[in-house]
Amino acid sequence: DIPLLYGLARRLDASGAEVWARRQFPDSLLFDRFGAFDAIAGDPDGNAYVAGHFWTVPGLAMHIMLQKIGTDGVLAWESAVLDDPAWTSVEDLAVAADGSATLAGRRGGELWIAGCEPWIGERIWLRTRPVPPPARPGLALDGTGASYVASAVAGNPSGTDLLVLAHAFAGEILHLVD
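A. Layout of the pairing of strand E9 (residues 101-107). The buried fraction of E9 is high, at six of seven residues. Examined bridge by bridge, strand E8 (residues 88-95) and E9 share seven bridges and lie antiparallel to one another. Residue pairing for E9: Ala94 is matched across the bridge by Thr102. Pairing between E9 and strand E10 (residues 110-116): seven bridges, direction antiparallel. Each residue of the ladder has a partner; that of Ala101, found in E10, is Cys116. Connecting E9 to the antiparallel partner E10 that follows it, the hairpin turn spans two residues, and Gly108 within it adopts a positive phi of roughly 60°.

B. Molecular detail of the sheet that holds strand E11 (residues 123-130). Taken together, four strands build an open sheet; the order of strands is E8-E9-E10-E11 and the sheet is antiparallel. Only two strands of the sheet have a single neighbouring strand rather than two, namely E8 and E11. The average angle at which neighbouring strand axes cross in this sheet is 20°, direction not considered. Both E10 and E11 contribute to a ladder of seven bridges, which runs antiparallel. In the strand pairing of E11, Leu111 is matched with Arg129.

What counts, and where the lines are drawn
Residues numbered from 1 in each chain as written. Predicted model: local features only at pLDDT ≥ 70, side-chain atom pairs only at ≥ 80, totals over all residues. Heavy atoms only, no water. Buried < 20%, exposed > 50% of the residue type's maximum accessible area, 1.4 Å probe, protein only. Helix = DSSP H or I, 4+ residues; strand = E, 2+ residues; numbered from the N terminus. Pairing = 2+ DSSP bridges. Axes fitted to C-alpha atoms, helices over the stretch in contact; angles between N-to-C directions.

What follows is the structure, given as structure tokens:
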């Protein structure tokens with residue numbers, strides 16, 4: 001169990017005892033520590049992946065970060081997934097069996113989805129789609145690593161109010177219900 005509370009990621013054992021704890025990118029290799037964890041997921045090997053936002057200069061330059069934390073609580077790698085203005089958020093994170101990660105979030109009136117490779121967390125694709133605020137995307141992966149994102153949509157010519165996107169690991173759209 002790896003609960004996520006106000007910028008604190010903790011790993012607990014079966015009895016509820018804390019194994020390790022980490023706060024808001026404490027040993028960030030790239031930036032200072034103004035921000036918070038927003039999403040957390042795990043892989044089959046027991047590693048934790050945390051995604052969050054933080055500012056290098058509070059309120060001016062925001063970054064979406066992804067970190068892989070080993071089973072011992074030590075930072076394995078860190079990656080800047082998205083550099084953007086302060087109105088970007090991470091809403092969901094999913095990790096495939098091979099350690100590749102998919103993140104989904106919002107920035108202004110757009111839904112963004114990013115795919116990251118498993119070795120150092122480098123972003124390999126980014127897709128955006130207009131969505132109405134405050135639409136909150138949901139994210140899931142299948143056994144092949146394809147991502148499925150669902151979110152509300154406004155002003156659709158088809159009259160539907162739900163967007164479902166499926167992306168292959170490389171980011172190509174596999175299926176769109178819109």
